[in-house]
Amino acid sequence: MGFIPDRAKSFTVYLQRRFGITLPGNVGVYFAKGLRVGNRGLMKSHIHGELGYGACDLGFNPTNALIQNFGHLATRNVLDVEEDAAKAFAAGKDFECDMGRSTRYVIIRYKTHTVGMGYYDRDKKRVLNRIPEKRRREIINSI
Amino acid sequence: MDDGPFREWLSGYTDCDRCLEAFRNRRHFFRVNTLKLSPEKFLETTRLKCERTAQYDLAFELKEAEGYEIGRTWEYFLGYIHPQSLPSILVSLALNPTREDAVLDVAAAPGSKFSHMAMLMGNEGVLVGNDLRPDKISALFATINRLNVLNCIVTERDGTLLDWKERFTKVLLDAPCTALGSGESAPERWEPEHSRKISILQKKMLFSAYDALKPGGELVYSTCTYAKEENEEVVKNLLDNVPGAELADLGLDIPHEPGLGEYGGEFRKCCRVYPQHLRSEGFFMAKIRKVG
């Protein structure tokens, strides 16, 4: 376990550039079996284990958990959807949409709530669902 | 099935009829997760039919809950709420962890009390969640991810062999137990010898948990069962064998019955919550202080 400033810093810069997300001051990104997000005080504890939760997969793609918890801070690459689309997305469905010529990760938002992470495929003109299977739910009520 | 022997056994602790009747008609609770939104914002937003409890501002009773799948609501999906029984919520309140604490949860999965403690700590300080089995660790991470727990470190150790001498200011041991206070099937599952067997494990875990506590620190021991072998007897075994361990008041203003007097007057400080007290699960709680 160790703190690798370059890699952690690169990821936070990526989050800022891609989504406009600046993590709160008390939240840090660490390298410990991959990049993880957690409270800044954790490194002082010297307890060996898994800190916080995963920040990204291979290639700096933010985890769905990170996006669901900090997606409300995003200012770019956010797709606002209606209730039916939000419900379908929460249940794990992809949806058709034209977001232009660049393939990229996007945050799906319903009202002020971050539903999850999607991947826009410009060739298919679809947003592919990136919510992990175990997190998906058939939602029954409205908010 | 003849539940006579179970009823007779339960009558040794409390009013059996009231207890079983209250459990059958138990209420469903959840707590608002302030790591994701404020209670005011929650009330402004939600369409769940719910009512705030008298015992805790952030705990709500779900109304018209029969057959309602709270796990399929937006509120659950977005991590705004967490379904949890009221006595289970009270366990974390009894430990009362703060931002300055280093806290250990010895058997943390699936993470209800663990995430509640993170909330009480405002995602500050250090919260270590331990469990033994990989499938349980996976359930713990699902809770951490959904509820945005950021002050945590997860470890995978045998709870009887923690080997963290005096590292934590507060420790929670919600021990594996026969769960006779939390299941419809309690009369069928009950076996007189089962509690005796599991109490051996509980005693070892409590020694190990106590060892991890700093002098002056506090430990809460809890189970969701009624058997004295898993409750007072486990605590008594620690008090008898470790100098400097003493029982402390839990500081909870809730209806309950005290711990069993046959183990000593100080056991009145323990708390036995039966289903008839809060129309919820049955729980046992004890707070132990390590005199510095």
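1. As for the overall build of chain B
Step number 1: Along the backbone of chain B there are 11 helices and 13 strands.
Step number 2: Over its C-alpha atoms chain B spans a radius of gyration of 18 Å, differing by no more than 12% from the 19 Å that the globule rule assigns to 292 residues.
Step number 3: With respect to the principal axes defined by its C-alpha atoms, chain B has extents near 50 × 45 × 35 Å.
Step number 4: Counting the 292 residues in chain B, one finds 53% classified as buried.

2. Thoughts on the domain arrangement of chain A
Residues and elements named next belong to chain A.
Step number 1: When its domains are assigned, chain A resolves into domain 1 (5–71) and domain 2 (77–135).
Step number 2: Tallying the contact residues gives eight residues for domain 1 and 11 residues for domain 2.
Step number 3: Only α1 (5–19) and α2 (64–70) provide two or more residues apiece to the side of domain 1 that touches domain 2.
Step number 4: At three residues, the largest contribution of residues to the side of domain 1 that touches domain 2 is made by α2.

3. Things to note about the pairing of strand β1 (residues 27–31) of chain A
Step number 1: Burial runs high along β1 of chain A: four of the five residues are buried.
Step number 2: Between β1 of chain A and strand β2 (residues 35–39) of chain A, which pair antiparallel and follow one another directly, the connecting turn spans three residues, one of which, K33 of chain A, has a positive phi of 55 degrees.

4. What to know about the confidence of the model for chain B
Step number 1: On average, residues of chain B score 96 in pLDDT, and 100% of them are at 70 or above.
Step number 2: This prediction of the complex comes with two scores: 0.96 for pTM and 0.94 for ipTM.

5. Describing the interface of chain A and chain B
Step number 1: Across the boundary between the two partners, chain A contributes 26 residues, which contact 29 residues of chain B.
Step number 2: Taken together, the elements giving at least two residues each to the side of chain A that touches chain B come down to β2, β3 (50–51) and α2 of chain A.
Step number 3: Direction of pairing for β3 of chain A relative to strand β7 (residues 152–155) of chain B: antiparallel, over a ladder of two bridges. Opposite L51 of chain A, over in β7 of chain B, you have I153 of chain B as the bridge partner.

6. Digging into the environment of G4 of chain B
All names here are of chain B.
Step number 1: Residue placement: G4 occurs in helix α1 (residues 4–11).
Step number 2: A count of 9 C-beta atoms within 10 Å places G4 in the exposed class.
Step number 3: C-alpha of G4 to C-alpha of Y210: the two residues are 206 residues apart in sequence and 38 Å apart in space.

Basis of the calculations
Residues numbered from 1 in each chain as written. Chains lettered and ligands numbered in written order. Predicted model: local features only at pLDDT ≥ 70, side-chain atom pairs only at ≥ 80, totals over all residues. Helix = DSSP H or I, 4+ residues; strand = E, 2+ residues; numbered from the N terminus. Rg over C-alpha atoms; globule rule 2.2 N^0.38 Å. Buried ≥ 20, exposed ≤ 12 C-beta atoms within 10 Å, placed from the backbone. Domains from an automatic or database assignment. Contact = placed C-beta atoms within 7 Å. Pairing = 2+ DSSP bridges. pLDDT = per-residue confidence, 0-100.

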